[in-house]
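# Report on the structure
This is what each chain is made of:
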Amino acid sequence: MSHKIIPVPEFDYFVFGGTGDLARRKLLPALYYRFADGQIPESARIIGCSRTDLDDIGYRQLVEDALKEWIKGNDLDEQLLDGFLSIISYQRIDVSDPNSWKDFERNASPTNPDRITVYYLSVSPSLFLPIIQGLKDNGLHHHARLVVEKPLGFDLKSAQELNGFLLDAFDESRIYRIDHYLGKETVQNLMALRFANSLFEPMWNARYIANVQITVAESIGMGGREEYYDRSGAMRDMMQNHLLQLLCLSAMEPPVSYKPDHIRDEKLKVLRSLQPLVGDDIRLNTVRGQYVENDNDPSYRQEAKNPGSNTESYVAIKASINNWRWSGTPFYLRTGKRLRANMAEISFEFRHAPHSIFTGLDTPIKPNAMVIRLQPDERIDLEVMTKEPGPGGMRLRQSILDATFGGGSNSQTDQGFRMPDAYERLLLDVVRGDQTLFMRGDEVEAAWCWVDSIIEGWALSGEVPETYEIASQGPAGAFELIAKTEHRWRTIQ
Ligand code: NAP
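Remember, it's a predicted structure, so these values are computed and weren't measured experimentally.

### Concerning the overall build of the protein
Scanning the protein for helices and strands turns up 14 helices and 15 strands. The globule rule puts the C-alpha radius of gyration for 493 residues at 23 Å, and the 24 Å found for the protein is close to it. Dimensions of the protein, computed from C-alpha atoms along their principal axes, come out at roughly 80 × 55 × 50 Å. A burial count over the protein gives 53% of its 493 residues as buried. Across the protein, every contact between residues at least 6 apart in sequence was considered, and the portion connecting residues at least 24 apart equals 76%. Looking at the protein as shown, the accessible area adds up to about 22000 Å², and 51% of this sits on carbon and sulfur atoms.

Right, here's the structure in full:
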């Protein structure tokens, strides 16, 4: 299978935090892959910006080391690497220091006002304000595009303040709020399957879908982000953004077109249709967990170096969407750290056939499911019952149909297609000016609105998170939550 490479126009990509973990691990490898595929013109510039005392040569060495560390196998070609490094440069800046901005303006400001200029803020959110102020004070914000990473606020109030500040310098049409889950191939395939086929749409509702489960499980702990994570917890770090965005794409109505605002309007409607959880509903529909130590690994509290911490490292929620399509179909959302496996998936479990003609068989008839796998590999599976091949009467078994149609994990498949990392698509979508896979400010605020009332309820109740074993499926309470219904969690594996 071939995929078409359409080169983007020339650009200046300023990466604030260009020496940091996200830049080294994700952004620079993603840009290298796009360069290697011939999508980035040789006249483009990628400029790392941070405080470390480096010159262009020193920064190119840092980039080369990062690519060697994070790019797999034979994908790093010496000749292409030289070409890529030739478009890399460095501008030292302390964004909190106004004098530093003067140097920045002198040395690094965009070469041509008609050229596409992108500022990627791969820095702590506490630096968003000084950077935007610095860009504004130095007249560098006109016509430029701005990319911001989560966390986008700590609660509704701070998210509104941040949006106000961003909008003061950049139009909404030039702000790209990134959620890399939306850049995943299978997430877009979910939209293609739903809206480019007539097969699924008639069944995409509460009449046919019994429940939807969205799981983002991690086997790792806080990985160096202890201070930030202990202030935030799983609800703010994962649920408010990644899980709610996946819920929106799973549940939204067909948009008028594949235009950014048509899609974002529909996602916003889903967020506004979420049944608010208040009072006793919070106790009945949510579970918080915190992992405890075992012989080899520290507990959450030990890892966070906060013996009294009641921050949740796990959360499970039974959510309801109040509209005609979904009334009666629960959406089970769960995310957590130090669980059995790294796994992210959305599963749509269909209702049983209304009447079974297969009685008295050994194998129970399992409900059909469509499973969108996002991690560790990207895949779409259809779980169906089929006849076991061979003679000897009717025996049924569950079969899994691969509905991925042309892609495997981030490697060459037998069709010769490498599944691109989400950042590859998203970074160049910014250059193309395509906001379809980015969040709009009102979506972020609507998500905080729903999440805030749950967090407030937890605080008022004074209850502490339940404990769970490291490498387990999560706290017992999550199983009790779902056991009240006829549904069961899918296994984290
Ligand atoms: P990080 O490794 O701590 O990097 C922070 C960067 O900011 C460094 O390059 C640092 O470089 C620069 N910096 C700090 N203070 C500065 C200042 N005063 N002026 C200019 N530059 C300054 O953080 P990260 O993990 O890359 O994360 C960056 C952002 O992305 C955070 O908001 C994080 O929440 C978000 N994020 C990260 C990941 C991830 O996988 N890492 C995933 C999703 C979201 P110097 O020390 O050289 O100045």
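### Some details on the packing of aromatic side chains
Across all of its chains, the model carries 19 aromatic pairs by this definition. Aromatic pair Phe35 and Phe84: ring centres 5.7 Å apart, planes at 55°, arrangement tilted. You can see Phe35 sitting in helix α1 (residues 21-36) and its partner Phe84 sitting in helix α3 (residues 78-86), a full 49 residues away along the chain. You'll find Phe35 and Phe84 in the same group, each marked buried. Seen in terms of ring centroids, Tyr176 and Phe438 are 5.0 Å apart; in terms of plane orientation they differ by 90°. Their pairing is edge-to-face.

### A closer look at the site of the ligand
The local shell around the ligand holds 21 residues, among which Thr19, Arg25, Arg51, Thr52 and Val123 are the closest. One of the backbone nitrogen or oxygen atoms of Leu22 is found 2.8 Å away from an oxygen atom of the ligand. Contact with the protein chains hides 76% of the accessible area of the ligand, taken as 890 Å² for the molecule alone. The dominant element in the shell around the ligand, judged by the number of residues it contributes, is α1, at 3 residues. Class assignment of the residues belonging to the shell around the ligand gives a composition of 7 nonpolar, 8 polar and 6 charged.

### Remarks on the nonpolar core
Formed by 144 residues in total, the largest nonpolar core has its most connected members in Tyr13, Phe16, Ile46, Phe84, Phe348, Met370 and Trp450. Ranked by residue count, the leading element in this core is helix α8 (residues 226-251), at 13 residues. Two domains share this core, each providing at least three of its residues, namely domain 1 (11-149) and domain 2 (185-419 + 441-483). The residues contacting Phe84, other than those within four sequence positions of it, are Leu28, Leu31, Tyr32, Phe35, Ile46, Val63 and Leu67.

### Some points on α1
Quick reminder: α-helices carry 3.6 residues per turn. Residues three or four places apart thus point the same way. The end-to-end C-alpha distance of α1, which contains 16 residues, comes to 22 Å, matching closely the 22 Å that a straight helix rising 1.5 Å per residue would cover. Roughly 30° is the biggest bend found in α1, and it falls at Leu27, with proline Pro29 one to four residues downstream. Residues Ala23, Leu27, Leu28, Pro29, Ala30, Leu31, Tyr32, Tyr33, Arg34 and Phe35 constitute the buried set of α1.

### Some points on the pattern of salt bridges
Going through the model one piece at a time under the given rule, you end up with 37 salt bridges. With a closest N to O distance of 3.5 Å, Arg115 and Glu10 form a salt bridge. In this pair, Arg115 sits in the loop between α4 (98-108) and β4 (116-121) while Glu10 sits in the segment before β1 (11-16), placing the two residues 105 residues apart along the sequence. Under the relative-accessibility criterion, Arg115 is labelled buried at 11%. Using a relative accessible area of 35% as the deciding quantity, one classes Glu10 as partly exposed. Here Arg373 ties to Asp377 by a salt bridge, and the two come within 4.0 Å at their closest N and O atoms. Each of Glu345, Arg373, Asp377, Arg379, Asp381, Glu383 and Arg490 takes part in salt bridges that share partners, so that together they form one network.

### A word on α8
The largest bend along α8 reaches roughly 100° and is located at Gly233. The element α8 is extensively covered by neighbouring structure, given that 23 of its 26 residues are classed as buried.

### Points about the packing of α1 against helix α12 (residues 422-432)
Two elements in contact, α1 and α12, have axes whose closest approach is 8 Å; the angle formed by their N-to-C orientations is 75°. By the criterion of interaxial angle, the relationship of α1 to α12 is roughly perpendicular. In this structure, α1 uses Leu22, Lys26, Leu27, Ala30, Leu31, Tyr33 and Arg34 to contact α12, whose residues at the interface are Tyr423, Glu424, Leu427 and Leu428. Residue composition of the contact of α1 with α12, grouped by class: 8 nonpolar, no polar and 3 charged.

### Examining the domain arrangement of the protein
Taken domain by domain, the protein holds domain 1 (11-149) and domain 2 (185-419 + 441-483). Between the C-alpha centres of domain 1 and domain 2 there is a distance of 34 Å.

### Looking at the side chain of Gln91
Structurally, the position occupied by Gln91 is in strand β3 (residues 88-92). Aside from chain neighbours lying at most four places away, what touches Gln91 is Ile47, Gly48, Cys49, Ser50, Asp103, Phe104, Asn107 and Ala108.

### So, a nonpolar patch on the surface
On the surface, a cluster of nonpolar side chains totalling about 360 Å² of accessible area is made up of Ile357, Phe358, Ile365 and Met394. A relative accessible area of 33% places Ile365 in the partly exposed class.

### Some words on the sheet that holds strand β7 (residues 209-217)
Here we have 9 strands laid out as an open sheet, ordered β14-β13-β12-β11-β7-β10-β9-β8-β15, and mixed in their pairing. The open sheet has two edge strands with one neighbour each: β14 (396-402) and β15 (466-469). Ignoring which end each strand starts from, the neighbouring axes of this sheet average 20° apart. Both strand β8 (residues 286-292) and strand β9 (residues 314-319) contribute to a ladder of 4 bridges, which runs antiparallel. Counted as the bridge partner of Gly289 is Tyr314 from β9. Helix α14 (residues 476-483) rests against β7, β8, β9, β10 (331-336) and β15 of the sheet, and its axis sits at about 10° to β9.

### What to know about the sheet that holds β4
The strand order β3-β2-β1-β4-β5-β6 describes an open sheet built from 6 strands, whose pairing is parallel. Because the sheet does not close on itself, it has two edges, and the strands there are β3 and β6 (175-177). Within this sheet the neighbouring strands show an average axis-to-axis angle of 20°, counted without direction. By the bridge criterion, 5 bridges tie strand β2 (residues 45-50) to β3 in an arrangement that is parallel. Residue pairing in the sheet places Ile47 in a bridge with Ser89 of β3. Strands in contact with α4 are β1, β2 and β3; relative to β3, the strand with the most contacts, it is inclined by about 155°.

Cut-offs applied
- Residues numbered from 1 in each chain as written.
- Predicted model: local features only at pLDDT ≥ 70, side-chain atom pairs only at ≥ 80, totals over all residues.
- Heavy atoms only, no water.
- Helix = DSSP H or I, 4+ residues; strand = E, 2+ residues; numbered from the N terminus.
- Rg over C-alpha atoms; globule rule 2.2 N^0.38 Å.
- Buried < 20%, exposed > 50% of the residue type's maximum accessible area, 1.4 Å probe, protein only.
- Contact = heavy atoms within 4.5 Å.
- Areas by Shrake-Rupley, 256 points an atom, 1.4 Å probe, with all protein chains shown as cover.
- Phe/Tyr/Trp six-rings, centres within 6.5 Å; stacked < 30°, edge-to-face > 60°.
- Near = heavy atom within 4 Å.
- Polar contact = N/O pair within 3.5 Å; in protein donor to acceptor, adjacent residues only side chain to side chain.
- Nonpolar A, V, L, I, M, F, W, Y, C, P; charged D, E, K, R; others polar.
- Core = buried A, V, L, I, M, F, W, Y, C linked by side-chain atoms within 4.5 Å.
- Domains from an automatic or database assignment.
- Expected span 1.5 Å × (residues − 1).
- Bend = angle between axes of the 7 residues up to and from the residue.
- Salt bridge = Lys/Arg side-chain N within 4 Å of Asp/Glu carboxyl O.
- Axes fitted to C-alpha atoms, helices over the stretch in contact; angles between N-to-C directions.
- Parallel < 35°, antiparallel > 145°, perpendicular 65-115°, else oblique.
- Patch = residues over 30% accessible without salt bridge, like charges linked within 9 Å, V, L, I, M, F, W, Y side chains within 5 Å.
- Pairing = 2+ DSSP bridges.

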